[in-house]
Amino acid sequence: MPTLLYDALRSYADHAPLRFHMPGHKGKYLPVPELAGLATIDVTELPPTGNLYTAGSPFDEAQRLWADLFGFEYCQFLTGGSTMGIHTGLALCARPGSKILVDRGCHRAVFNALALLDLEPVWLERPWLREENLPGPIALEDVERALEEHPEVKTVCITSPTYAGVLSNIGTIAQLVHRHRGKLFVDGAHGAHLPFLGLVPFQGADAVVVSAHKTLPAMGQSALLFTNWMDPDRVRQMASVFGTSSPSYPMMASLDAARQWLADGGDKEYCRSACRVAELRQKFPSLHLRSGLSLDPCRFVLKVKDGPTFARALEERNIYPEMEDGGHVVFICTAQDSNEDFLRLEEALKELRGMMGDCLPIPAPPIPERVLSPRAALFASGRVWPLEDCEGEIAACQIAPYPPGVPVVAPGERISKKELAYLKKIGYNMHSEVRVLI
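Source: prediction; values computed, not measured.

(A) Seen up close, the overall build of the chain. Along the backbone of the chain there are 13 helices and 16 strands. Referenced to the eigenvectors of the C-alpha coordinate spread, the extents of the chain come out at roughly 65 × 55 × 45 Å. When the 438 residues of the chain are sorted by exposure, 54% land in the buried category. Of all intrachain contacts in the chain linking residues separated by at least 6 positions in sequence, the fraction that spans at least 24 positions is 68%. As presented, the chain carries roughly 19000 Å² of accessible surface, and 53% of it is formed by carbon and sulfur atoms. Averaging the positions of the 43 positive and the 52 negative side-chain charges in the chain gives two centres separated by 2 Å.

(B) Inspection of the pairing of strand 2 (residues 99-103) at higher detail. When you tally the buried positions in strand 2, you get four out of five residues, the bulk of the element. Pairing between strand 2 and strand 3 (residues 120-124): five bridges, direction parallel. By the bridge assignment, Leu101 is partnered in strand 3 with Val122. Regarding topology, helix 4 (residues 108-116) serves as the crossover connection from strand 2 to the parallel strand 3, and that connection is right-handed. As judged from the two bridges shared by strand 2 and strand 6 (residues 155-159), these two strands associate in the parallel manner. From the neighbouring strand, Leu101 faces strand 6, where its bridge partner is Val156.

(C) Structural context of helix 4. The complete set of buried residues in helix 4 reads Ala109, Val110, Phe111, Ala113, Leu114 and Ala115. Buried-residue contacts for helix 4 involve helix 3 (81-93), strand 2, strand 3, strand 6 and helix 12 (374-378). After helix 4 finishes, the residue Asp118 shows a positive phi value of roughly 55°.

(D) Expanded view of the pattern of salt bridges. A complete count under the given rule lists 24 salt bridges for this structure. Arg64 is the partner of Asp68 in a salt bridge, and the nearest nitrogen-oxygen pair spans 3.4 Å. One end of the pair, Asp68, and the other, Arg64, are both in helix 2 (residues 59-70), four residues apart, so they sit about a helical turn from each other. Between Asp256 and Arg259 there is a salt bridge; the shortest N-O distance is 3.4 Å. Pair noted here: Asp256 and Arg259 are both in helix 9 (residues 249-283), with a separation of three residues, about one helical turn. When its relative accessible area of 0% is taken as the criterion, Asp256 is described as buried.

So, how was this worked out
- Residues numbered from 1 in each chain as written.
- Predicted model: local features only at pLDDT ≥ 70, side-chain atom pairs only at ≥ 80, totals over all residues.
- Heavy atoms only, no water.
- Helix = DSSP H or I, 4+ residues; strand = E, 2+ residues; numbered from the N terminus.
- Buried < 20%, exposed > 50% of the residue type's maximum accessible area, 1.4 Å probe, protein only.
- Contact = heavy atoms within 4.5 Å.
- Areas by Shrake-Rupley, 256 points an atom, 1.4 Å probe, with all protein chains shown as cover.
- Lys, Arg positive; Asp, Glu negative; His and termini not counted.
- Charge placed at Lys NZ, Arg CZ, Asp CG, Glu CD.
- Pairing = 2+ DSSP bridges.
- Right-handed = clockwise from strand over helix to strand, strands pointing away.
- Salt bridge = Lys/Arg side-chain N within 4 Å of Asp/Glu carboxyl O.

Here it is, written out as structure tokens:
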């Protein structure tokens, strides 16, 4: 299969056109040596190079190849990461002002979308896995109960996989949502690689966004939005609302090239990486497969007594994990991690074995009291105040440890003693300033 978009860019550059259009480097010069080679294919919307938000070549063909790989009707390239895809997808699935069933463990971009689209959330809480000290998968019965209690809800938003690699059963949830004549949107930001491990993690969903840059060999911010049963023109239109009118062609070319690399056998490298992760799970205390729990085979979640201290010890050995919390350190493993990389990590983990083990469970507190809608709170007048002095105040911003970027307090919710105690316990900076309503 050809790299249709990249080929079009390369062909345009090879014809040595006289470029009296943007970008200003004119395909000749970028002052950073590492970027110099990208200048020739960094172009704008031209007849030979196409327009991301308009039907036609080469985007139609390049995006169709991705859609076929994921088993969806349509694929939209994104240059604003999964955040752009979340905003676009929810705009496609939910009417402004409507109620929406939302996984409380969603990324902060979802909370921003609620405000931007004036959506009223009905929160779907995740079960707490006591053995793992982590939030578990979305339970089908919880979705069903919520839909029966709120029959006016016609859109459901779920994150799968989570930052820790926990997968929900999207296929069965999608069937349930469709029986209630609703739409299912999945934030699959961390799962772009899963179909190349033989999994079908998004089957039945109406729309799914994945961050290609997180787990595939693609440039930062590059992402993909997949849709079923939606007019492609409408998808393009909504993407243009939330994305830049000057999308990066090198980023989109990297999506094209990543797909071709996978088609040429790169997918087998993910299986190799998954095997190495399975070996690490056997050797060290970690999140592992058990009855009723489905995990990303390439996500290694190590159990430690003190996450921040363990992460600093790794950094002293020039090893940088993706994130840590009180009792876990998360490693994103991909096809680009060599056997030598895994051996080096394993040797470091052996040295630090004494710091591993279960920590005290730190489940998030119950959902705070909501006083205002997300939109009213986010756009209201406010004042900046030290978090430690905010008990009783109404948040006008998200209070979300990052990563994973899941808000403990959302705009419009009252900050109480229990949220402050939780944030202090997990090591959040209590001296940081947050915006609260006047």
